[in-house]
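Descriptive analysis of the structure
Read off the chains here:
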Amino acid sequence: MTAHHDSFPVSTRGKGTYEITEKVEAIVRASGVRTGIVTVFIRHTSASLVIYENADPSARQDLHAYFEDIAPEDGDYVHTLEGPDDTTSHLRMALTRTSEVIPIANGRMTLGTWQGIFVFEHRRAAHTREIDVAVVGV
């Protein structure tokens, strides 16, 4: 059994989705694991991870619009210490995920044809997000 860990930063330009599939794939290859799992984790409470369509960017536009509708910045929130996007960024993170686990077979993640791994930035301002990747297997 092999265990491998790596991490990398993701610079965001504000709200939106930022694909990290290739960076995670590179870590899986470097691990030498042929059969196992990879866990991807984001160390933040105002950004999250999603596995989503990566072929047509308009699919992500709909995702962004949906979250604007269900957690609008103009809501009557108590927690606004860091601005009007403070509570909404935490709500959006809670409705998505901070980690994803993906199987590995034949040394590659078994993502579907149109699936990609994305950082989902929920804050308006640019941030640097830290991503942890753990690969376990044989």
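Check the entry above for the structure.
Treat the numbers as computed from the prediction; the structure is a model and nothing was measured.

**Description of the environment of Glu100**
Relative to the helices and strands, Glu100 is located in strand β5 (residues 99-105). Sequence separation of Glu100 and Arg43 is 57 residues, and the distance between their C-alpha atoms is 13 Å. Within the structure, Glu100 has its side chain in polar contact with the side chain of Arg97 (distance 2.4 Å).

**Let's talk about the sheet that holds strand β3 (residues 36-42)**
One open sheet accounts for five strands, arranged β1-β8-β3-β5-β6; its pairing is antiparallel. Bordering the open sheet on either side are β1 (2-11) and β6 (108-109), each of which pairs with just one other strand. Pairing between β1 and strand β8 (residues 128-137): 10 bridges, direction antiparallel. Note that in β8 the partner of Val10 across the bridge is Arg129.

**Here we look at helix α2 (residues 57-70)**
End to end, α2 covers 21 Å across 14 residues, agreeing with the expected 20 Å (1.5 Å per residue, within 8%). All of the buried residues in α2 are Ala59, Arg60, Leu63 and Phe67. Within α2, the buried residues cover an arc of 95 degrees as seen down the axis, which keeps them to one side. Exposed residues pointing more than 90 degrees away from the buried face of α2 are listed as Gln61, Asp62 and Asp69. Elements that come into contact with the buried residues of α2 comprise β2 (16-19), β4 (47-53), α3 (86-95) and β7 (115-121).

**Examining the pattern of salt bridges**
Tallying each qualifying case throughout the model produces 10 salt bridges. For Glu82, the salt bridge identified is with Arg123, shortest N-O distance 3.4 Å. With Glu82 in the loop between α2 and α3 and Arg123 in the loop between β7 and β8, this residue pair connects regions lying 41 residues apart in the sequence. Judged by relative accessible area, which is 55%, Glu82 ranks as exposed. Classification of Arg123 by relative accessible area gives buried; the value is 6%. Glu100 is the salt-bridge partner of Arg97, the closest N and O atoms lying 2.4 Å from each other. One network of salt bridges, with partners in common, ties together Lys15, Glu68, Glu73, Arg92 and Arg124.

**A few points about the side chain of Asp85**
When you line up the elements, Asp85 lands in the loop between α2 and α3. Here Asp85 falls in the buried class, since its relative accessible area comes to 6%. For Asp85, the contacting residues outside a window of four places in its chain are Glu73, His122, Arg123 and Arg124.

Rules used throughout
- Residues numbered from 1 in each chain as written.
- Predicted model: local features only at pLDDT ≥ 70, side-chain atom pairs only at ≥ 80, totals over all residues.
- Heavy atoms only, no water.
- Helix = DSSP H or I, 4+ residues; strand = E, 2+ residues; numbered from the N terminus.
- Polar contact = N/O pair within 3.5 Å; in protein donor to acceptor, adjacent residues only side chain to side chain.
- Pairing = 2+ DSSP bridges.
- Expected span 1.5 Å × (residues − 1).
- Buried < 20%, exposed > 50% of the residue type's maximum accessible area, 1.4 Å probe, protein only.
- Arc of directions from axis to C-beta.
- Contact = heavy atoms within 4.5 Å.
- Salt bridge = Lys/Arg side-chain N within 4 Å of Asp/Glu carboxyl O.

Just distances and angles here, no functional claims.
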